[in-house]
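In case you want the letters, here they are:
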Protein chains: 2
Amino acid sequence: MARLGVESIRRQQLIDATLKVIEEHGFQGATIGKIAGASELSVGIVSHYFGGKQGLLEAAMRYLLSSLQQDVTTLMAKRPNAPRERLMAIVDANFSGAQTNAQSAKTWLAFWTQAMHSPDLMRLQRVNERRLLSNLMFHLRRLMPIEQARATAQTIAALIDGFWLRAAMSEGRIEPNQAVALCKTYIDQAIHANNGAK
Amino acid sequence: MARLGVESIRRQQLIDATLKVIEEHGFQGATIGKIAGASELSVGIVSHYFGGKQGLLEAAMRYLLSSLQQDVTTLMAKRPNAPRERLMAIVDANFSGAQTNAQSAKTWLAFWTQAMHSPDLMRLQRVNERRLLSNLMFHLRRLMPIEQARATAQTIAALIDGFWLRAAMSEGRIEPNQAVALCKTYIDQAIHANNGAK
DNA sequence: TTCAATAAATTGAATATTCATTCAAGAAAG
DNA sequence: CTTTCTTGAATGAATATTCAATTTATTGAA
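Note that the structure is predicted; figures quoted are calculated from it, not measured.

1. A short note on the relation of the copies chain B and chain A
Of the transformation superimposing chain B on chain A, the axial component is 0.1 Å and the angular component is 179°, with the fit at an RMSD of 0.3 Å. The operation mapping one copy onto its partner corresponds to a two-fold rotation axis. Identified as the residue of chain B closest to the rotation axis by C-alpha distance is G162(B), at 1.7 Å. Looking at the interface residues of chain B, 100% of them are also at the interface in chain A, so both copies use one shared face.

2. Notes on the interface of chain B and chain A
Between chain B and chain A, the residue contacts involve 41 residues of the former and 42 residues of the latter. Buried surface at the junction of chain B and chain A, summed over both partners, amounts to about 3500 Å²; 62% is from carbon and sulfur atoms. A salt bridge links R166(A) to D161(B); its shortest N-O distance comes to 2.9 Å. Inspection of the region where chain B meets chain A yields six residue pairs in polar contact (both at pLDDT 80 or more). If you list the elements that add at least two residues to the side of chain B that touches chain A, you get helix 6 (102-115), helix 7 (119-140), helix 8 (146-169) and helix 9 (176-194) of chain B. In terms of residue count, helix 8 of chain B provides more of the side of chain B that touches chain A than any other element does, 13 residues in total. Across the side of chain B that touches chain A, the residue classes break down as 20 nonpolar, 14 polar and seven charged.

3. Notes on the packing of aromatic side chains
Scanning the model with the defined rule gives seven aromatic pairs over all chains in all. Considering the side-chain rings of W108(B) and W112(B), the 6.2 Å spacing of their centres and the 45° angle between planes classify their relative orientation as tilted. Of this pair, W108(B) and W112(B) both sit in helix 6, separated by four residues, roughly a single helical turn. For the pair W108(B) and W112(B), a shared accessibility class is recorded, and that class is buried. One residue, R11(A), lies across the ring of F50(A), its end atom 4.8 Å from the ring centre.

4. Regarding the domain arrangement of chain A
Residue and element names in this part refer to chain A. The domain architecture assigned to chain A consists of domain 1 (1-51) and domain 2 (61-194). Computed from C-alpha atoms alone, the centre-to-centre distance between domain 1 and domain 2 is 29 Å. Of all residues in domain 1, L19, E23 and F27 bury the most surface against domain 2, accounting for 70% of the area lost on that side. Linking domain 1 with domain 2 are zero salt bridges, by the criterion used here. The residue inventory of the side of domain 1 that touches domain 2, partitioned by class, reads four nonpolar, one polar and two charged.

5. Some thoughts on the packing of helix 4 (residues 53-77) of chain B against helix 5 (residues 83-94) of chain B
Residues and elements named next belong to chain B. Where helix 4 meets helix 5, the closest approach of the two axes is 9 Å, and the angle between their N-to-C directions is 145°. Regarding helix 4 and helix 5, the two cross each other, and that crossing is right-handed. Two secondary-structure elements touch here, helix 4 through L68, D71, V72, L75 and M76 and helix 5 through R86, A89, I90, D92, A93 and N94. By residue class, the composition of the contact of helix 4 with helix 5 is seven nonpolar, one polar and three charged.

6. Details of the packing of helix 7 of chain B against helix 8 of chain B
Residue and element names in this part refer to chain B. The N-to-C vectors of helix 7 and helix 8 enclose an angle of 135°; their axes lie 9 Å apart at closest approach. Taken together, the axes of helix 7 and helix 8 lie oblique to each other. The interaxial crossing formed by helix 7 with helix 8 has right-handed handedness. The segment helix 7 lies against helix 8, with L132, L133, L136, M137 and L140 engaging I146, A149, R150, T152, A153, Q154, I156 and A157. When the residues that make up the contact of helix 7 with helix 8 are grouped by side-chain class, the tally is 10 nonpolar, two polar and one charged.

7. Let's talk about the pattern of salt bridges
Using the criterion set out here, one finds 18 salt bridges over all chains in the structure. For R84(A), the salt bridge identified is with E85(A), shortest N-O distance 3.2 Å. Where E58(B) meets R62(B), a salt bridge forms, and the shortest distance between an N and an O atom there is 3.7 Å. Of this pair, E58(B) and R62(B) both sit in helix 4, separated by four residues, roughly a single helical turn.

8. Thoughts on unusual backbone geometry
Glycine aside, negative phi is the norm for most residues, and most peptide bonds take the trans geometry. Phi angles above zero are rare outside glycine, and E40(A) is one such case at about 60°. Overall, the relative accessible area of 73% leaves E40(A) in the exposed class.

Rules used throughout
Residues numbered from 1 in each chain as written. Chains lettered and ligands numbered in written order. Predicted model: local features only at pLDDT ≥ 70, side-chain atom pairs only at ≥ 80, totals over all residues. Heavy atoms only, no water. Least-squares fit on C-alpha atoms with pLDDT ≥ 70 in both. Contact = heavy atoms within 4.5 Å. Buried area = accessible area lost by both parts, 1.4 Å probe. Salt bridge = Lys/Arg side-chain N within 4 Å of Asp/Glu carboxyl O. Polar contact = N/O pair within 3.5 Å; in protein donor to acceptor, adjacent residues only side chain to side chain. Helix = DSSP H or I, 4+ residues; strand = E, 2+ residues; numbered from the N terminus. Nonpolar A, V, L, I, M, F, W, Y, C, P; charged D, E, K, R; others polar. Phe/Tyr/Trp six-rings, centres within 6.5 Å; stacked < 30°, edge-to-face > 60°. Buried < 20%, exposed > 50% of the residue type's maximum accessible area, 1.4 Å probe, protein only. Lys NZ or Arg CZ within 6 Å of the ring centre and 35° of its normal. Domains from an automatic or database assignment. Axes fitted to C-alpha atoms, helices over the stretch in contact; angles between N-to-C directions. Left-handed = near helix turned anticlockwise from the far one by under 90°. Parallel < 35°, antiparallel > 145°, perpendicular 65-115°, else oblique.

Listed below in structure tokens is the structure:
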């Protein structure tokens, strides 16, 4: 028997290499050859562990999504349990840590594009989106009537996506702090505008 | 000599076919063969008029960008020359007419992804983005102090992009009316929040 | 008007390239 | 010495590009 855990090590090696190559060459330029090179493994190993290129790409996206989800729950746990604070934590998490640089924004955009033509990736994307929305709704419900909460949740979600997209297009010159600040300003405006209507 | 204007007719034929094929098969699936088929021309004609596939794709994106720009100026011209009205017109234009359906949102997303790896397309994208921002700023400046105007302009731009992105991901179930309504609600909130500080 | 002569436009089979996948052989671990 | 892991050359499929041949349009002389 080979060393225990080789499989999970190799899988992660390949996923890391995949993300790196997509960052560098885009989704189109991410060939098995380049990925194998970046991982210092051979091309054959991909089908051995992931069945093929598509399987590797889906695993890589799953990894990105779960990283984001982990950032969210970690950051949320550290904040006071007040609705406004929790909302701010959600925003912070979505622009935090490993997530925030133009490179990883490009990777996200690439996956989004890909997701439109892969039911599996699309499903993953939807699950995450619904989680974000229901998360936002949960806290907004405590601050405003349900209709306004719904609208505000949609708007916050769109804002987050929009800033991400702009980050991807801005060639390294992303200012996560600015995006976070603008999102927070919006949230306070929305709370203020709908306050008292509760 | 051949009939005058054949060149521009053929170019448009190919661009239309390109957009149609991308809508239908995605960016990856948009092969020269399919595009030629959809345009009822031969594959050879592409390199004759555009030098190659890349040239055709760039021309198609140029066409989309200029269509959007035209929608904006057309709609703006019809509205009263009041700052708030003009802002609303900008939002309307960005979700109007030929622009608004999940298919064309997918096409946009595909081009954005592509633009990240093509300096030429990136430059085009930037020009358009700067035009949108300065357009927004021009009117916001009349409603609030410059710092708030800057922040609001960034937020509106991000909102527009964000709703587009969500439209692209939402598999045909896009509600442009809802996106427009939410953008407008935000604008009014922002005006209200920063009013009097003028 | 008709008819070559010429130029422009168009075709699509042939070619070249790129790349995912396969798998027989070999290396490494236990 | 058996099992697992890994390699990478060979294969085949997909597709962009090329270009010689063909078609179509234009011109102007008869």
